Amino acid sequence: MQQKILSSFFLLLLTFASELFAQQAYEDEPDMTPVAAPSKVRIEINKKYFEVCEAELGSFPQETLHCPDAVLIPTERTLDGGKVIKLGDDLPESTPRFRNSETGQLKLNADTQLFDDITSCDKPTGIFRDMRNAGCVPGNRVKHLTNQIKGGQTVDWVYICRKNSNFSKQRDHYNELGLIGYNRHTGKTCYFAGQPTQTLKVNGKWKVIEKNDEGAPVETIKTEVDVALIPGEKIPAPGFSKFDEKMVVHWSVPTFGGCTRCHSNGPFIRYPFNEPVCLVAGSSANCLRSFSSNEACGKYLEQTYARGDRIKYQCRVLKPRRQPGMLYSVISPFDGDGTLNKFLLAMSEADKKDKYYEDLMQYPWEKPRRLVSPEAKACAQCHALGNGVYATFVNSLFSVHSLKDEKFHPAVGENWRARLFLSNVSETQRSDSAHDKKIKSEGILPIRISAKSIKEENELREKLSLGHYQTALQKINDCDRQPGNCQWDDHWTMERVKKEPFKYLQEHCSYCHTPEMAKPVLMTEADFKHPDLVDKIIGRMHEPTNPMPPSGQLPGSVLNVLSDYLRKANN
């Protein structure tokens, strides 16, 4: 993690938090205006970006993106006792977020260290533009598509249509649209930011706390806000081979720091709260109905279909599943060796004064890196922890609850985004970490134990495993607060795997294959090169159902490189 990353979160002191109040005034005919057409410079830059991305990812597999075709992410709240309620039109009116004044719009509860008066749900989006409902506005949708390009390479495409407020009452209006393209073979990744084509002017009265020129808190009243809108139907997909300037009306290279501050761990952010579970027929990718959890989907399947018919269906998450050892290489306008960066720097001085150019170049993209501190290995062995804002959600994702009431309580110094996210999560989910359960049931480490009985051996192994995880979790939290004291490394790329195959093998095998844990010991190059082990290692790496590492099979392109390395090393 670069040392400056998380310091930007502490925008205002939490002690300046105050109550917010708002009564939005909607006109019968909302005041909507079209967004200005893109400049010539913006068109040229994006055409070049589309060209570079298409060379690595191929074309998007459809001519248009259509939000109604995407899978609905259920907006529900699980109550004490297990009852689930759906959130809908009865939500409170949204409160707009005023940038750099966020903490002055929130009321901090000194006892819980969370924010009061925040709508909660089981699956908040994690995107905060509404300081009342936050990520619990219904209607968010996500879609996963794939295509095959040169050499049989598979490319994943995911787009998400977000509703960040309920200011607009039209179902086809979204506030954000994002598209990711990811080449599994090379790790090359492109991010496309959907662009608003309309703005909605909303009048109201919102109290915020701002700082004056002397740095003192001052109460200010805001009376109007412009809300960006994206009509989500039949949006032309970005592309180069069939380029049309209309594409740039709808898409852009991400500006203002890009996407890597959140997507620093890899191309896809997956955590228990943000994924809809789909009921599908067989191996189909067509989502017949979406649910908030595997349990809810399974219950529906049991209640709806006869026993003999249930085997025809599955409950699956359709978003791309993260593989251990994923390759990740972002096509960035700030990559000094990249085609796009050279194109931007070669533009004329007049073009560089274009506002779009200035907005793009003013805030460089963070280079995504990942946590490799040995103390965090128990978690980082399966989870890639990025150097960006992964820590925003770290306490809800990687939390072993040790308090007497078994409920999460943020530390006094926790940043406002983490507090807002946890305030936004249903209390039943917030207090019941999915990873706590997984650690106790599936995350038992292969620690060698000497015990008098099987029962004693299992209990001791569980206790020691939990100790490893608690050490890792403490380190992760420490890295949130003092990133400079932690070890970070670049993500793996195909070029790097070819140069450092032994280090790649060490990183994914050696934590468990030590004298204190699983046999065989795989720590040195001689261990991996042992004539009796080479074929076994290669076989386990290629085994789809019981692979090495056990957390999942390594990427196919990497397996070929590692197999060649091991076989050559053994000759």
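Under an unreviewed UniProt entry, the name given to the chain is Cytochrome c domain-containing protein, and the organism recorded is Nitrosospira multiformis.

Novice: Help me understand the overall build of the chain, please; the structure alone is not making it clear to me.
Specialist: Scanning the chain from N- to C-terminus turns up 17 helices and 22 strands. Taking all 571 residues of the chain together, the buried fraction comes to 50%. Long-range contacts, defined as pairs at least 24 residues apart, comprise 72% of the intrachain contacts of the chain with a sequence gap of at least 6. Counting only carbon and sulfur atoms, one obtains 49% of the accessible surface of the chain, whose full area is about 27,800 Å².

Novice: Explanation requested: the sheet that holds strand β17 (residues 277–281) in the structure shown.
Specialist: The sheet built from three strands is open, its strands ordered β18-β17-β19 with antiparallel pairing. Strand pairing shows two members of the sheet lacking a second neighbour, β18 (289–291) and β19 (313–317), which therefore form its edges. Across the sheet, the mean angle separating the axes of adjacent strands is 35 degrees when strand polarity is ignored. The pairing of β17 with β19 spans five bridges and is antiparallel. Residue pairing across strands places Leu279 opposite Cys315, the latter belonging to β19. In the packing of helix α3 (residues 294–304) onto the sheet, contacts are made with β17, β18 and β19, and the angle to β17 comes to roughly 40 degrees.

Novice: Hey, could you run me through the pattern of salt bridges in this one?
Specialist: Close approach of charged atoms allows side chains with opposite charge to pair. For the coordinates displayed, the defined rule picks out 24 salt bridges. Glu210 is the salt-bridge partner of Lys222, the closest N and O atoms lying 3.3 Å from each other. Of the two residues, Lys222 is situated in strand β14 (residues 217–231) and Glu210 in strand β13 (residues 198–211); the sequence distance between them amounts to 12 residues. Accessibility expressed as a relative area gives 23% for Lys222, which makes it partly exposed.

Novice: Quick question: what am I supposed to make of the confidence of the model for the chain here?
Specialist: Close inspection of predicted coordinates is inappropriate in any region flagged by low pLDDT. Residues at a pLDDT of 70 or more form 87% of the chain, whose mean pLDDT is 84. The least confident element of the chain is helix α8 (residues 394–397), whose mean pLDDT is 48; the most confident is helix α1 (residues 40–57), at 98. Confidence drops under a pLDDT of 50 for residues 1–29, and excluding neighbours within four residues, the segment shows 95 contacts in the predicted structure. Long-range and interchain partners of residues 395–404, a stretch whose pLDDT sits below 50, account for 34 contacts in this model, where long-range means more than four residues apart.

Novice: What's the story with the environment of Leu445 in this structure? I'm lost.
Specialist: Within the fold, Leu445 resides in the loop between α11 (434–441) and α12 (454–481). In this structure the C-alpha to C-alpha distance between Leu445 and Met517, which are 72 residues apart in sequence, comes to 7.9 Å. The contact partners of Leu445, leaving out residues within four places of it in the chain, are Arg461, Ser465, His468, Tyr469, Tyr511 and Met517.

What counts, and where the lines are drawn
- Residues numbered from 1 in each chain as written.
- Predicted model: local features only at pLDDT ≥ 70, side-chain atom pairs only at ≥ 80, totals over all residues.
- Heavy atoms only, no water.
- Helix = DSSP H or I, 4+ residues; strand = E, 2+ residues; numbered from the N terminus.
- Buried < 20%, exposed > 50% of the residue type's maximum accessible area, 1.4 Å probe, protein only.
- Contact = heavy atoms within 4.5 Å.
- Areas by Shrake-Rupley, 256 points an atom, 1.4 Å probe, with all protein chains shown as cover.
- Pairing = 2+ DSSP bridges.
- Axes fitted to C-alpha atoms, helices over the stretch in contact; angles between N-to-C directions.
- Salt bridge = Lys/Arg side-chain N within 4 Å of Asp/Glu carboxyl O.
- pLDDT = per-residue confidence, 0-100.

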